[in-house]
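Chain and residue survey
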Amino acid sequence: MHSKFKNLLPAFLYLLIILPTSYAVKQLQYKTNPEILEYTVNPKISNINLFWKDEKGTRLGNFTNLKNHLARNKTKLLFATNAGMFNKSFAPQGLYIEKNKVLKEIDTNNGNENFYLKPNGVFYITNTNEAIVCNTTDFQTTTTVKYATQSGPLLVHKGKIHAAFNQNSTNLNVRNGVGVLPNGHVVFAMSKSPINFYEFAKYFLDLGCKEALYLDGFVSRTYLPEKKWVQTDGNFGVMIGVTSKS
């Protein structure tokens, strides 16, 4: 090989390595939306739990109560968000499983609220710490499920945005949801300002989620100290929390 070209070879190989990485960073920057608060966790190494009531049967209701409840058990709250819709008595609307116990049965009825905008779905964690979002009609067993919450509609299903969503819709709300990334990690997101269903679903789709579930709307809150976002108000039924031993 000519010495001139031989000297250029290391630089050429370097470009082959660095260019895809730079491209990936640009893609990630493109997908990031400063108006959407995002928290991503690996369910295999992070404790993702669902909470409704304390050991005395009292509804926890908000992140302040949840944080204090966990602290009494020497557990630290890293992240929390409301986990789906609830009825007038603050009970979960639809399937709810906590610590392998089915506390509310799955709801396959029809109705007019967002919950019933089919397809709706279930977010659940298995006993082997696999996170799944699926169509309600595809949920088959509770025997291997540690935690589950049902909500609706599905924002993204089989890699497509819900057919009922309109890109130009003026139905704007603060919204929160959950999706599963191709690597199995869970992404929780909440809009910091009102957003329509289509744009919120597109956010999950752009991240790579083939399945994503809407959790709730204007009542939505998120507790995420690591990103300096701490909302301790609210009045919920079920909450999702990511925890660690303190």
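Residues numbered from 1 in each chain as written. Predicted model: local features only at pLDDT ≥ 70, side-chain atom pairs only at ≥ 80, totals over all residues. Heavy atoms only, no water.

Counted according to the given criterion, the structure contains two salt bridges. The closest approach of N and O atoms between Lys202 and Asp206, which form a salt bridge, is 2.9 Å. With a gap of four residues between them, Lys202 and Asp206 both fall in helix 3 (residues 197-207), about one helical turn apart. (Salt bridge = Lys/Arg side-chain N within 4 Å of Asp/Glu carboxyl O. Helix = DSSP H or I, 4+ residues; strand = E, 2+ residues; numbered from the N terminus.)

Turning our eyes to something else, we now look at the pairing of strand 11 (residues 176-180). Of all the five residues making up strand 11, five are buried; the element is thus mostly covered by neighbouring parts of the structure. Burial along strand 11 is two-sided: the face carrying Asn176, Val178 and Val180 and the face carrying Gly177 and Gly179 are both buried. Examined bridge by bridge, strand 11 and strand 12 (residues 186-191) share five bridges and lie antiparallel to one another. Across the sheet, the residue bridging to Val178 is Phe188, located in strand 12. Counting the residues in the hairpin turn of strand 11 and strand 12 gives five residues, including Gly184, whose phi is positive at 90°. Direction of pairing for strand 11 relative to strand 13 (residues 211-216): antiparallel, over a ladder of five bridges. Paired with Val178 across the two strands is Leu213, which belongs to strand 13. (Buried < 20%, exposed > 50% of the residue type's maximum accessible area, 1.4 Å probe, protein only. Pairing = 2+ DSSP bridges.)

Regular strands place side chains that alternate from one sheet face to the opposite one. A large share of strand 7 (residues 131-135) lies buried, amounting to four of its five residues. Bridge count for strand 6 (residues 121-126) against strand 7 is five bridges, and the pairing is antiparallel. In the strand pairing of strand 7, Phe123 is matched with Val133. The loop that links strand 6 with its antiparallel partner strand 7 comprises four residues; one of these, Asn129, has a positive phi angle of about 65°.

The subject of this paragraph is the nonpolar core. In terms of nonpolar packing, the biggest core is built from 26 residues, with Ile48, Phe123, Val186, Phe188 and Ile240 touching the most fellow members. Elements supplying a minimum of two residues to this core: strand 1 (36-41), strand 2 (47-51), strand 6, strand 7, strand 11, strand 12, strand 13 and strand 16 (239-245). For this core, the leading source of residues is strand 1, giving three residues. Apart from the residues within four sequence positions on either side, Ile48 is in contact with Val41, Pro43, Ile125, Tyr147, Val186, Phe188, Ile240, Gly241 and Val242. If you look at the next biggest cluster of nonpolar residues, it comprises 22 residues, including Met85, Ile161, Ile195 and Cys209. (Core = buried A, V, L, I, M, F, W, Y, C linked by side-chain atoms within 4.5 Å. Contact = heavy atoms within 4.5 Å.)

All of the buried residues in helix 2 (residues 63-72) are Phe63, Leu66, His69 and Leu70. Seen from one end, helix 2 has its buried residues packed into an arc of 120°, which puts them on one side. Of the residues flanking the start of helix 2, the one acting as N-cap is Asn62, its side-chain oxygen 3.1 Å from the backbone nitrogen of Thr64. In the segment just after helix 2, Lys74 is the residue with positive phi, at about 55°. (Arc of directions from axis to C-beta. Polar contact = N/O pair within 3.5 Å; in protein donor to acceptor, adjacent residues only side chain to side chain.)

Moving on: the packing of aromatic side chains. For any pair of aromatic rings, the description rests on two quantities: the centre-to-centre distance and the angle between the ring planes. Scanning all chains against the criterion turns up 12 aromatic pairs. Their ring planes at 85° and their centres at 5.1 Å tell us that Tyr124 and Phe139 sit as a pair that is edge-to-face. Residue Tyr124 is found in strand 6, and its partner Phe139 is found in the loop between strand 7 and strand 8 (145-151); the two are separated by 15 residues along the sequence. Neither Tyr124 nor Phe139 differs from the other in exposure class; each is buried. (Phe/Tyr/Trp six-rings, centres within 6.5 Å; stacked < 30°, edge-to-face > 60°.)

Any functional reading would require information beyond the geometric quantities listed.
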